[in-house]
Every structure is written in structure tokens, then in C-alpha cells.
Amino acid sequence: MRSLAREGGAVARWDVARAARPGRCAGAGLAGFRDLGTGPVAVGLVPRPAVTLVVEFGDGPFSVVDGSGRRHRGSLAAGLVPPGGARLRGEGVTCVEVHLPPPTAFRVLGIRPAELAGGVVPLDALWGRDLARLREQLWAAPSWRERFALTDAVLSDRSGTGPSADPEVARAWHRIVAARGRIRIGELAAEVGWSRGRLWSGFRSQIGLTPKRAAMLVRFRYAAHRLVAGASAAAVAAECGYVDQSHLHHETVAFTGLTPAALAGDPGVTVDDTGWTDPRPGGR
């Protein structure tokens, strides 16, 4: 476990930690966030090519307000549709955040990521008593290392509760991630031995996105990481395979409601990126 809290800037009021090594649940990434401030907090959420679980166990209120203004309170599971301006709001926020590649989420949650319809659902509706027990254990644990171990144990125990994705769909997903979204869908279909139509259908029904949309989301995640790291929009557009800078601008606004410059300087995005500096979504 590495503590990533540091002086100054957007992360000054946050203790941010990341698991030092992979756990038993294949592909799962874990990070911890604890608000060190003395008042309410509101931070933007960045869309990611992963199913996101947030297990909160702090003393204060915790909620996520989505792009349509709907408020979701407490621990949650979020699908793959971009949050579109969604923000986390609370006070004394303390949580473990889990990112699951869609094929893994399929098994852990007991439902297909497509069934989340890209929305946000209460995690207790999926995990029931397992969630209540985990929250108590996280609250009592003295370190992030132990909290990550507790969370990983639950993920591992639940990894066989749901169905498995088709091997071809899982392989195609991991290929998109490895290519950082820069792969032609026809080439991808040929690699897994399916027709374009079958791959398209399998992705929609099991992942919840088309292969093209999944590739766009993976590419955007890497681009967002580079923007927050200080790279110019022109350099990021060229590096990540966008047609030009206006193409990057269009997709950044579509995914977040922010321009590339605003995204790079948003305090909440900076905090989020501090906890997830590995730009290989789903590859942890």
C-alpha cells in the first residue's frame, strides 16, 4: 500500500491510498480515499472503462449526484456510461473504491454490467449482508492495507456468484484495454474469431457498450490521465490517436461536460487521478 497524500494542491485535504499489489480477484483495482477537511466536499467523477464500486464507511453523509440531478446515497455500483457531470458530495468521506473489468464484474456482482444500464445502483441491493459486514470491518480496520485485504477477500469470495462472460467477449475487452482503445473493430473481431455483428451483439448484451464505444472510453481514460499529468491538449490528441485537437475537445466535453483545460485543472479530477495513476483501465 502506498499513501499518496501530499502537501499543497487539490490533494492536500485528502489521504489517498492505493493497493501495492494485485489481489486475488483478477483485474480488480483498489484505492482508498479519506477526506481530511473540516467541511462539505463536492468532487467531480471521471468516466472510466470499468464497473466502479464505492464502499463508504465514514461518519458523515455520502452521496453521488448524477448528471440528471438524481441523488444516490451510500455505497454504490456504477456501470460504464459516462457520469456526465456527476459529483460526489459529502462530509468526512471515507471509502474504498473498486474498479472491475466488466468480465470480472459479471462474476462478482451476479449480474451483467449491461444490466446496470450504465446507471448507479445501491450496492446493498446486490450484496446485502455482505456489504453491511464489510462496512463494519472497514470502519474497525486500523490501516488501508487491512481495508484492502478485507475488500479483496469479499471480491474473491463473490467472484463465483455470477455467470462468466463469453471468452471471446472477455478477450476482446482485454485486447481493447491493451491497445488503449486504438484498434479497429474488424481487426478485433477477426482476432477472437467472431463476425463484427456477433461481437457487437455480445458486447452490447454482456458489457453494456458497443466495442466502438468501449474503445472510445478506454482511449478517453488514457487521454484524461495525460491531461491531468500536464500534457498539452495538442500533444494528448496526437499521442492518443485523436484526429486532431478539436476531436479530443469534442469527446472530452461529451464524456465529462468539461473542456480539456477545465478537466486538467478540476480539483476532484486531480484527486481521482492521484488514486488511479495507472492509465491502463481494467489492467491492474
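You'll find the structure just up there.
This section reports on the structure supplied with the text. (Residues numbered from 1 in each chain as written. Predicted model: local features only at pLDDT ≥ 70, side-chain atom pairs only at ≥ 80, totals over all residues. Heavy atoms only, no water.)

### A few points about the overall build of the protein
For the protein, the count of helices and strands is 12 helices and 11 strands. Scaling as 2.2 N^0.38, a compact globule of 284 residues should have a C-alpha radius of gyration of about 19 Å, and the protein matches this with 18 Å. Along the first, second and third principal axes, the C-alpha set of the protein runs to 50 × 45 × 35 Å. Taken over 284 residues, the protein has a buried fraction of 52%. Accessible surface, the protein: about 12300 Å² in total, of which carbon and sulfur atoms supply 50%. Across the protein, 36 positive and 26 negative side-chain charges occur, with their mean positions spaced 4 Å apart. (Helix = DSSP H or I, 4+ residues; strand = E, 2+ residues; numbered from the N terminus. Rg over C-alpha atoms; globule rule 2.2 N^0.38 Å. Buried < 20%, exposed > 50% of the residue type's maximum accessible area, 1.4 Å probe, protein only. Areas by Shrake-Rupley, 256 points an atom, 1.4 Å probe, with all protein chains shown as cover. Lys, Arg positive; Asp, Glu negative; His and termini not counted. Charge placed at Lys NZ, Arg CZ, Asp CG, Glu CD.)

### Concerning the pattern of salt bridges
Between side chains of opposite charge, a pair can form as their charged atoms come close. Applying the stated rule across the entire model yields nine salt bridges. Linking Arg34 and Asp15 is a salt bridge whose minimum nitrogen-to-oxygen distance equals 3.7 Å. In this pair, Arg34 is assigned in strand β3 (residues 29-35) and Asp15 in strand β2 (residues 14-18), connecting sequence segments 19 residues apart. For Arg34, a relative accessible area of 35% gives the class partly exposed. Across the pair Arg219 and Glu251 runs a salt bridge, and its minimum N-O distance is 3.0 Å. Taken as a pair, Arg219 in helix α8 (residues 211-228) and Glu251 in helix α10 (residues 245-256) lie far apart in primary sequence, 32 residues in all. Connected through shared salt-bridge partners, Asp130, Arg133 and Arg158 make up one network. (Salt bridge = Lys/Arg side-chain N within 4 Å of Asp/Glu carboxyl O.)

### Section: the packing of aromatic side chains
Applying the stated criterion across every chain yields a total of three aromatic pairs. Seen from their ring centres, Phe57 and Trp144 are 6.3 Å apart, and the 70 degrees between their planes marks the pair as edge-to-face. Placement of Phe57 in the loop between β5 (51-56) and β6 (62-65) and of Trp144 in helix α4 (residues 144-158) is noted, with a sequence separation of 87 residues between them. An angle of 25 degrees between the planes, with centres 5.9 Å apart, marks the rings of Trp144 and Phe148 as stacked. With Trp144 and Phe148 both in helix α4 and four residues apart, the pair spans about one turn of that helix. On the basis of relative accessible area, Phe148 is assigned to the buried category, the value being 6%. Through pairs of rings, three or more aromatic residues link up here, namely Phe57, Trp144 and Phe148. Above the ring of Tyr222, the side-chain terminus of Arg180 is found at 4.1 Å from the ring centroid. Over the aromatic face of Tyr242 sits the side chain of Arg219, whose NZ or CZ is 4.1 Å from the ring centroid. (Phe/Tyr/Trp six-rings, centres within 6.5 Å; stacked < 30°, edge-to-face > 60°. Lys NZ or Arg CZ within 6 Å of the ring centre and 35° of its normal.)

### Points about the pairing of strand β9 (residues 87-90)
Only one face of β9 is buried, namely the one carrying Leu88 and Gly90, since none of Arg87 and Arg89 on the opposite face is buried. Across four bridges, strand β4 (residues 41-44) lies against β9 in antiparallel orientation. What sits directly across from Gly44, in β9, is Arg87. Direction of pairing for β6 relative to β9: antiparallel, over a ladder of four bridges. (Pairing = 2+ DSSP bridges.)

### Quick notes on the side chain of Asp35
Looking at where Asp35 falls in the secondary structure, it is placed in strand β3. In terms of polar contacts, Asp35 uses its side chain to reach the backbone amide nitrogen of Gly37, at 2.9 Å. Sequence-distant contacts of Asp35, that is, excluding residues within four places in its chain, are made with Arg13, Trp14, Val41, Gly92 and Val93. (Polar contact = N/O pair within 3.5 Å; in protein donor to acceptor, adjacent residues only side chain to side chain. Contact = heavy atoms within 4.5 Å.)

### So, the packing of helix α7 (residues 196-206) against α8
In contact at an axis separation of 8 Å, α7 and α8 are set at 65 degrees when each is read in the N-to-C sense. Touching Leu199, Trp200 and Phe203 of α7 are Pro211, Lys212 and Ala214, all from α8. The residue makeup of the contact of α7 with α8, split by class, is five nonpolar, no polar and one charged. (Axes fitted to C-alpha atoms, helices over the stretch in contact; angles between N-to-C directions. Nonpolar A, V, L, I, M, F, W, Y, C, P; charged D, E, K, R; others polar.)

### Side note on the layout of surface pockets
Its boundaries defined by the atoms lining it, the second largest pocket holds a volume of some 260 Å³. Lining the second largest pocket are Gly181, Arg182, Ile183, Arg184, Ile185, Lys212, Ala215, Met216, Arg219 and Glu251. Residue contributions to the lining of the second largest pocket peak at four residues, all from α8. Here the lining of the second largest pocket is built from residues that sort into four nonpolar, one polar and five charged. (1 Å grid on protein atoms, 1.4 Å probe; cavity = no way out; pocket = protein on both sides within 12 Å on 5 of 7 lines; lining within 4 Å. Points joined across faces, edges and corners; volume = space filled by probe spheres on them.)

### Comments concerning the nonpolar core
Counting 39 residues, the largest nonpolar core has Ile176, Leu199, Phe203, Phe220, Val236, Tyr242 and Leu248 as its most contacted members. Listing elements by their share of this core, those giving two or more residues are α5 (167-178), α6 (185-192), α7, α8, α9 (233-240) and α10. In terms of residue count, the dominant contributor to this core is α8 (11 residues). Every residue in contact with Leu199, bar those within four places of it in the chain, is listed here: Ala172, Ile185, Leu188, Ala189, Val192, Trp194 and Pro211. Ranked by size, the runner-up nonpolar core spans 27 residues in total, among them Cys25, Ile111, Trp127 and Trp144. (Core = buried A, V, L, I, M, F, W, Y, C linked by side-chain atoms within 4.5 Å.)

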